[in-house]
Amino acid sequence: RRGGAGAECGQPHQYLELSLSHGPLPGGFDERRWWAGLGWSYQYLGRFAEAEKAFAEGVGRRPDDQAALRGLGWALYQQQQYLRAAEPFTRALELLAPEDRDLIQETCRGRGWCLFYLKRCGDAWGDFERALGHADPANRSLWEDLENGRRLCTAEVASQKGTT
C-alpha cells in the first residue's frame, strides 16, 4: 500500500487508479500488473466494459501478457462478445507453458464456452476435454461445469448429425 491510499478509497478499483496516478513504486513498479489488477477489480465489481478497457490497455502495453489476455477474454465473455473473446483466449493459450495447468484449464474453459455459444461445438468439446485433463478432480463445481460443457457439445454434435 502506498501512503494509506486504500483507506481513502471505498472500492478496490479506486485504490488501483490512485496508485497508477502516483507513478512508479520504488524497486520495480510493473505497470502491466496494475492494469491487470485494475481489470480484475472491475471484473469482480461486475463492471465488464471497464474491465475490458483496463485489460486491453495492459495487452496494448505488452501483447505477450497472458494474464491480461485471459482477463480480456473473460471481460468480453461476460459481455456476451464470444467471437471477440475467443481470440485473446487463443493467444493466451499459445503463451502458456505446459506446467501452467491451472491457467491452461481456465483458458480452455473460457474459450470452450465461447466456442459453444458460437455453435462451434466440435472445437468447444476439444477445449472442454483439454481443460478436464488439467482440472483438479477435487474441485467438483469446476469439474461439473466442464463435464456439462462437454455433454452439451456432444448432444449438439449428435443432433446436427441426425439432421443431415
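Residues numbered from 1 in each chain as written. Predicted model: local features only at pLDDT ≥ 70, side-chain atom pairs only at ≥ 80, totals over all residues. Heavy atoms only, no water.

A.B. asks: I'd like a rundown of the pattern of salt bridges, residues and numbers included.
C.D. replies: Enumeration over the complete set of coordinates arrives at 10 salt bridges. The partner of Arg120 in a salt bridge is Asp123, and the shortest N-O contact between them spans 3.1 Å. Across the pair Arg150 and Glu129 runs a salt bridge whose closest N-O atoms are separated by 2.7 Å. Remark: Glu129 occurs in helix H8 (residues 121-134) and Arg150 occurs in helix H9 (residues 140-163); sequence separation between them is 21 residues. Since its relative accessible area comes to 24%, Arg150 is described here as partly exposed. (Salt bridge = Lys/Arg side-chain N within 4 Å of Asp/Glu carboxyl O. Helix = DSSP H or I, 4+ residues; strand = E, 2+ residues; numbered from the N terminus. Buried < 20%, exposed > 50% of the residue type's maximum accessible area, 1.4 Å probe, protein only.)

A.B. asks: Explain the nonpolar core to me, and be specific about the residues and the numbers.
C.D. replies: Core analysis: the biggest nonpolar cluster contains 38 residues, and Tyr77, Cys114 and Leu146 have the highest contact counts within it. Only helix H3 (31-44), helix H4 (48-61), helix H5 (66-78), helix H6 (82-95), helix H7 (101-117), H8 and H9 provide two or more residues apiece to this core. Examining the composition of this core, we find that 7 residues originate from one element, H5, more than from any other. Contact partners of Tyr77, with chain neighbours within four places excluded, come to Tyr82, Ala85, Gly110, Trp113, Cys114 and Tyr117. (Core = buried A, V, L, I, M, F, W, Y, C linked by side-chain atoms within 4.5 Å. Contact = heavy atoms within 4.5 Å.)

A.B. asks: Go over the side chain of Glu52 with me, naming the residues and quoting the values.
C.D. replies: Mapped onto the elements, Glu52 comes out in helix H4. For Glu52, a relative accessible area of 15% corresponds to the buried category. Residue contacts for Glu52: discarding those within four places in its chain leaves Leu72, Ala75, Leu76, Gln79, Gln81 and Arg84.

A.B. asks: Explain the confidence of the model for the protein to me, and be specific about the residues and the numbers.
C.D. replies: In this model, the protein carries a mean pLDDT of 83, and residues with pLDDT of at least 70 account for 79%. Model confidence for the protein, summarised as mean pLDDT per element, is weakest for helix H1 (residues 5-8) at 35 and strongest for H6 at 97. Long-range and interchain partners of residues 1-10, a stretch whose pLDDT sits below 50, account for 17 contacts in this model, where long-range means more than four residues apart. (pLDDT = per-residue confidence, 0-100.)

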